[in-house]
Amino acid sequence: MPAGVATVSDAGNSDRALPDGVQRRTFDGEQSLATRGEPVYGEPTDGPWRAWDPHRSKLAATIESGLDTGLAGDDNVLYLGAANGTTVGHVADFAGRTYAVEFAPRPVRDLLDVCETRPRLFPLLKDAREPATYTHVVESGVDAIVQDVATRGQAAVAARNAQFLADDGRLVLAVKARSEDVAREPEAVFEEVCAELRETFEVLAETRLEPYHDDHLAVVARPR
Amino acid sequence: MTDDTADDDTATAGDAWFAAEGPVGDGDLADRVREESAATPDDWPTVAVETGFVDGEEEYEAALREATLSAARETVRERERADDQQLIHAIRAADDARRTANELAERVAEWGGSLFELDVDTETDTSDAGVAYARSVADRDPDGPAETRVVALAERVATLADEADRLETYVEDHTPVVAPNLAAMAGPTLAARLCSLAGGLEPLAKKPSGTLQVLGAEDALFAHLRGNAPSPKHGVIYTHDYVRNTHPAERGSAARALAGKLTIAARVDHYSGDRRPELEEELDDRMATIRARRGGDGE
């Protein structure tokens, strides 16, 4: 762990980091993060609130593990690797304009259902490795980029998309070690990815996502 | 779209998705979302208001939502139109056309041989020899009713063989769209054959690797299950270079390793659809290990 990077050991005292529109609520006797929106994948609900499961969402796991993501309610967000929309739906529940980039057509079918009930969630069937294919749609100066792409070169994807991020914006990244190299030790992969990230970003905090997600590292960074 | 008397130089729509020229019809903006690009991103919502595309942010968001939703829907629909069932029809049609062309070519050879001097040039020893002879017969000027019939039949053989070629080209072009990882690792034709034997990409993705390994070797498999034959080492994947050109003693290992990776590729293609080049590298590594046991490629 490099010097100067905050790590969080006390996950219990993290509510100050919750963005507006995200709350801790009780579902079936269990505490969980929650956002307000139409349910999309059979998650438990409580009135307008729906549970946000950290086992299904790396961003929820990042918040649960106490990392200060810097996300705020009504932020405009560029979400890379939206997949079937599980997480990006929760983001759109509390954020402002949310651009959901996903390249594979099959999950986008589900993502479209999530978009139906969310007026400020915009699906883009584009490759996050080729931001030039959506520079004419995604606005510059977004408050946050949330990245969860399962491809090799995750740091390069973040660097190429940095052009969309406001100078004081935040990159919230889930690095999947097995996408970079299945055979290598996750620790070594994380170090390499973070080193490459530091060419474009200043890393503010990082933490492993166990027990929610194996071999994943969450990173919060801002443009250099 | 906006008048030139605008009072500052910041508001140009430039390459923005909403900067269509002329009147905007249904779907034009969605097409721009799908196809266009800009040199750099800009504060598009503000630009849209300043250039008069919309009156305010809410209107911008509604327009952007409509354009992105219909663009995404259209792209999904296009990609799915190239689905696995079309591919299965095409590969089966290609096989039918090829088999029928060869069968009719034999008839042409037999019949033509009784009417014409054998054209020595065309008697080559390739698998295409029958069709090549039929093509040479098709080029003849028939003399009399019997020759007219055999030349007409030969023309059918030639066009049928051409159609088989075109069907195979279609399969090669479209398999990578339907099953990108499987096509990259197995080659498009073998990938389509595996889908065909399994009945689709989904059934293939649900099969265990040991089943994929012997797809196309059902006769041998059932002989084995009846108890009077060894288990087959490979089915149609025998056509893959990694099996065919591996030393016979290691072919079982090679077929097992290949089938394992192809099964994963089929699952990724069915359930996620993104490209995973690392799968190929893992297979290449594994094959290098297996082949190294015999000190290189097989005979």
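Residues numbered from 1 in each chain as written. Chains lettered and ligands numbered in written order. Predicted model: local features only at pLDDT ≥ 70, side-chain atom pairs only at ≥ 80, totals over all residues.

Participant: Tell me about the overall build of chain B, and name the residues and values.
Facilitator: If you tally the helices and strands in chain B, you get 14 helices and 0 strands. If you list the helices and strands of chain B from N to C, you get α-α-α-α-α-α-α-α-α-α-α-α-α-α. Scored against the burial criterion, the 299 residues of chain B give a buried share of 35%. Intrachain contacts of chain B at a sequence separation of at least 6 include 60% that bridge at least 24 residues. (Helix = DSSP H or I, 4+ residues; strand = E, 2+ residues; numbered from the N terminus. Buried ≥ 20, exposed ≤ 12 C-beta atoms within 10 Å, placed from the backbone. Contact = placed C-beta atoms within 7 Å.)

Participant: I'd like a rundown of the sheet that holds strand 6 (residues 98-101) of chain A, residues and numbers included.
Facilitator: All names here are of chain A. Spatial ordering of the open sheet is given by 7-6-5-8-9-11-10, a layout of 7 strands whose pairing is mixed. Of all strands in the sheet, those with a lone pairing partner are strand 7 (121-124) and strand 10 (201-208), marking the two edges. The average undirected angle you get between the axes of adjacent strands in this sheet is 15 degrees. Bridge count between strand 9 (residues 165-176) and strand 11 (residues 216-223): 6 bridges; the pairing is antiparallel. Among the inter-strand pairings, Lys176 is bridged to a residue of strand 11, identified as His216. (Pairing = 2+ DSSP bridges. Axes fitted to C-alpha atoms, helices over the stretch in contact; angles between N-to-C directions.)

Participant: Would you mind going over the packing of helix 4 (residues 84-115) of chain B against helix 5 (residues 129-138) of chain B in detail, with residue names and values included?
Facilitator: All names here are of chain B. The contact between helix 4 and helix 5 brings their axes to 8 Å, and the two run at 55 degrees. The orientation of helix 4 relative to helix 5 falls into the category oblique. Here the hand of the crossing between helix 4 and helix 5 comes out left-handed. Facing helix 4, whose interface residues are Ala101, Asn102, Ala105, Glu106, Val108, Ala109 and Gly112, helix 5 presents Gly130, Val131, Tyr133, Ala134 and Val137. Class assignment of the residues belonging to the contact of helix 4 with helix 5 gives a composition of 8 nonpolar, 3 polar and 1 charged. (Parallel < 35°, antiparallel > 145°, perpendicular 65-115°, else oblique. Left-handed = near helix turned anticlockwise from the far one by under 90°. Nonpolar A, V, L, I, M, F, W, Y, C, P; charged D, E, K, R; others polar.)

Participant: Summarise unusual backbone geometry; cite the residues concerned and give the values.
Facilitator: Residue and element names in this part refer to chain A. In this model, Glu210 is joined to Pro211 through a cis peptide bond whose omega is 5 degrees. A positive phi angle is found at Asp215, which is not glycine, with a value near 55 degrees. When you line up the elements, Asp215 lands in the loop between strand 10 and strand 11.

Participant: Tell me what's going on with the nonpolar core, and back it up with residues and numbers.
Facilitator: Within the largest apolar cluster, 87 residues are counted, with the highest numbers of intra-cluster contacts made by Tyr79 and Ala100 of chain A. Every residue in contact with Ala100 of chain A, bar those within four places of it in the chain, is listed here: Tyr79, Ala82, Gly85, Val88, Leu111, Leu121, Phe122, Pro123 and Leu124 of chain A. Counting 58 residues, the second largest nonpolar core, distinct from the first, contains Ala164, Ala191, Leu262 and Met287 of chain B. (Core = buried A, V, L, I, M, F, W, Y, C linked by C-beta atoms within 7 Å.)

Participant: With reference to specific residues and values, describe the interface of chain B and chain A.
Facilitator: Taken together, the contact between chain B and chain A spans 29 residues of the former and 28 residues of the latter. When contributions to the side of chain B that touches chain A are tallied by element, the ones reaching two or more residues are helix 2 (44-50), helix 3 (57-81) and helix 14 (277-292) of chain B. It is helix 3 of chain B that contributes the most residues to the side of chain B that touches chain A, 11 residues altogether. For the side of chain B that touches chain A, the class distribution of residues is 11 nonpolar, 6 polar and 12 charged.

Participant: Go over the environment of Ile290 of chain B with me, naming the residues and quoting the values.
Facilitator: Residue and element names in this part refer to chain B. Tracing the sequence through the fold places Ile290 in helix 14. Sequence separation of Ile290 and Arg251 is 39 residues, and the distance between their C-alpha atoms is 9.0 Å. Ignoring any residue separated from it by four or fewer positions in sequence, one finds Ile290 in contact with Thr246, Glu250, Ser253, Ala254 and Ala257.

Participant: Kindly report on the sheet that holds strand 1 (residues 22-27) of chain A, identifying the contributing residues and their values.
Facilitator: Residue and element names in this part refer to chain A. An order of 1-2-4-3 is seen for the 4 strands of this open sheet, with the pairing classed as antiparallel. If you trace the sheet from one side to the other, it starts and ends with strand 1 and strand 3 (45-46), each paired once. Taken together, the 2 bridges between strand 3 and strand 4 (residues 49-52) define a ladder with antiparallel strand orientation. Counterpart to Thr45 in the pairing with strand 4 is Arg50. Together, strand 1, strand 2 (30-36) and strand 4 form the strand contacts of helix 2 (residues 86-94), whose direction differs from that of strand 2 by roughly 65 degrees.

Participant: Would you mind going over the pairing of strand 5 (residues 77-80) of chain A in detail, with residue names and values included?
Facilitator: Residues and elements named next belong to chain A. Across the two faces of strand 5 the burial is the same, with Val77 and Tyr79 and Leu78 and Leu80 all buried. As judged from the 4 bridges shared by strand 5 and strand 6, these two strands associate in the parallel manner. By the bridge assignment, Leu80 is partnered in strand 6 with Val101. Following the chain from strand 5 across helix 2 to the adjacent parallel strand 6, one finds a crossover that is right-handed. Relative to strand 8 (residues 142-147), strand 5 is paired through 4 bridges, and the arrangement is parallel. Bridged to Leu78 within strand 8 is Ile145. (Right-handed = clockwise from strand over helix to strand, strands pointing away.)

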